[in-house]
Amino acid sequence: EDKVVQSPLSLVVHEGDTVTLNCSYEVTNFRSLLWYKQEKKAPTFLFMLTSSGIEKKSGRLSSILDKKELFSILNITATRTGDSAIYLCAVRHQGAQKLVFGQGTRLTINP
Amino acid sequence: GAVVSQHPSWVICKSGTSVKIECRSLDFQATTMFWYRQFPKQSLMLMATSNEGSKATYEQGVEKDKFLINHASLTLSTLTVTSAHPEDSSFYICSATTVRFSNEQFFGPGTRLTVL
């Protein structure tokens with residue numbers, strides 16, 4: 001059975017801190033891993049990772065995938081209160097369109 | 001581009017009634033739409049995959065007679081929760097995808113259903 005596990009489930013830090021969110025997976029025929037940010041409504045896309053060791057970066061956010069160890073991390077530097085959200089990791093199979101989501105990490109940034 | 005809308009954004013209904021939720025891709029034709037359910041403080045759980053013009057594929061444990069999905073056109077899919085009960089109260093989110101966007105899923109804003 002496919003499994004996507006995120007850690008920590010909840011994290012509270014102060015503005016300016018750097019955070020690292022983890023996502024490990026066990027899926028057959030892995031194709032890609034995606035990160036989403038969910039505030040009050042639907043998830044918004046952050047990154048899609050398909051190859052090991054290649055860092056994807058967008059402003060203060062970055063992510064990398066390790067296909068040998070079957071995990072990915074999402075880093076956020078110089079956090080702001082607006083980064084408070086649930087961060088979801090999802091995995092997609094080869095030849096399939098559906099996504100398998102992890103439980104999410106609820107990140108709270110305090111001023 | 002790649003905007004997905006849902007209607008209604010929230011609905012409250014009495015137990016035993018049916019509720020229809022619409023999911024529309026506004027500026028692209030979606031070959032496939034997905035329906036997810038999210039309970040409070042939990043992740044998105046895929047309910048079904050819907051391809052235009054064919055029957056939806058339901059995930060294990062999802063009752064197809066209770067959650068009716070119709071994908072009548074390339075821009076519209078509907079989810080009908082039949083004979084709703086309080087345990088069906090949840091946040092329902094759809095997503096749409098197309099080959100043109102490398103099958104990336106674009107999510108709608110969600111519909112919060114409360115069954116009294």
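Before going into details, it helps to say that this report is about the structure given with it. (Residues numbered from 1 in each chain as written. Chains lettered and ligands numbered in written order. Predicted model: local features only at pLDDT ≥ 70, side-chain atom pairs only at ≥ 80, totals over all residues. Heavy atoms only, no water.)

### Some details on the overall build of chain A
Broken down by element type, chain A carries 0 helices and 11 strands. Element order for chain A, N to C, with α for helix and β for strand: β-β-β-β-β-β-β-β-β-β-β. In chain A, the proportion of contacts linking residues at least 24 apart, taken out of those at least 6 apart, comes to 55%. (Helix = DSSP H or I, 4+ residues; strand = E, 2+ residues; numbered from the N terminus. Contact = heavy atoms within 4.5 Å.)

### Digging into the pairing of strand β5 (residues 44-49) of chain A
Here 5 bridges tie strand β4 (residues 30-38) of chain A to β5(A), and the two strands are oriented antiparallel to one another. Residue pairing across strands places L33(A) opposite L49(A), the latter belonging to β5(A). (Pairing = 2+ DSSP bridges.)

### Here we look at the pairing of strand β9 (residues 85-93) of chain A
All names here are of chain A. Summarising burial for β9: 9 of the 9 residues are buried, a large majority. Across the two faces of β9 the burial is the same, with A85, Y87, C89, V91 and H93 and I86, L88, A90 and R92 all buried. In this structure, β4 lies alongside β9, joined through 8 bridges in antiparallel fashion. Looking at the pairing, S32 lines up with R92 of β9. Two strands pair when backbone bridges link them, and β9 and strand β10 (residues 99-101) are joined in this way by 3 bridges, in the antiparallel orientation. The residue bridging A90 from the neighbouring strand is F101, located in β10. The turn joining β9 and β10, which pair antiparallel and follow one another in sequence, is formed by 5 residues; a positive phi near 70 degrees is taken by G95. (Buried < 20%, exposed > 50% of the residue type's maximum accessible area, 1.4 Å probe, protein only.)

### What about the interface of chain B and chain A?
The interface is formed by 20 residues belonging to chain B together with 16 residues belonging to chain A. The contact between chain B and chain A buries some 1,500 Å² in all, and 53% of this surface belongs to carbon and sulfur atoms. On inspection of chain B and its partner chain A, the count reaches 1 salt bridge. Here K98(A) and E59(B) are joined by a salt bridge, their closest N and O atoms 3.0 Å apart. (Buried area = accessible area lost by both parts, 1.4 Å probe. Salt bridge = Lys/Arg side-chain N within 4 Å of Asp/Glu carboxyl O.)

### Things to note about the sheet that holds strand β3 (residues 19-25) of chain B
Residues and elements named next belong to chain B. The strand order β1-β3-β8-β7 describes an open sheet built from 4 strands, whose pairing is antiparallel. Taken across any chain shown, the strands that pair with only one partner, and hence form the sheet edges, are β1 (4-7) and β7 (67-73). Neighbour-to-neighbour, the strand axes of the sheet open up by a mean angle of 15 degrees, direction not taken into account. With 5 bridges connecting them, β7 and strand β8 (residues 76-81) associate as antiparallel partners. Note that in β8 the partner of I69 across the bridge is L79. (Axes fitted to C-alpha atoms, helices over the stretch in contact; angles between N-to-C directions.)

### Some thoughts on the environment of H93(A)
Residues and elements named next belong to chain A. Among the structural elements, H93 can be located in strand β9. Residue H93 is classed as buried on the basis of its relative accessible area, which comes to 11%. With 91 residues separating them in the primary sequence, H93 and D2 have C-alpha atoms 9.8 Å apart. Apart from residues no more than four positions distant in its own chain, H93 is found in contact with D2, V27, T28, N29, R31, K98 and V100. Polar contacts involving the side chain of H93 include one to the side chain of D2, which spans 2.6 Å. Reaching out from H93, the side chain makes a polar contact with the backbone oxygen of T28 at a distance of 3.0 Å. (Polar contact = N/O pair within 3.5 Å; in protein donor to acceptor, adjacent residues only side chain to side chain.)

### Here's the deal with a nonpolar patch on the surface
Residue and element names in this part refer to chain B. On the surface, a nonpolar cluster with roughly 390 Å² of combined accessible area is contributed by W10, I12 and L116. On the secondary structure map, W10 appears in strand β2 (residues 10-13). Residue classification places W10 among the exposed positions, given a relative accessible area of 58%. (Patch = residues over 30% accessible without salt bridge, like charges linked within 9 Å, V, L, I, M, F, W, Y side chains within 5 Å. Areas by Shrake-Rupley, 256 points an atom, 1.4 Å probe, with all protein chains shown as cover.)

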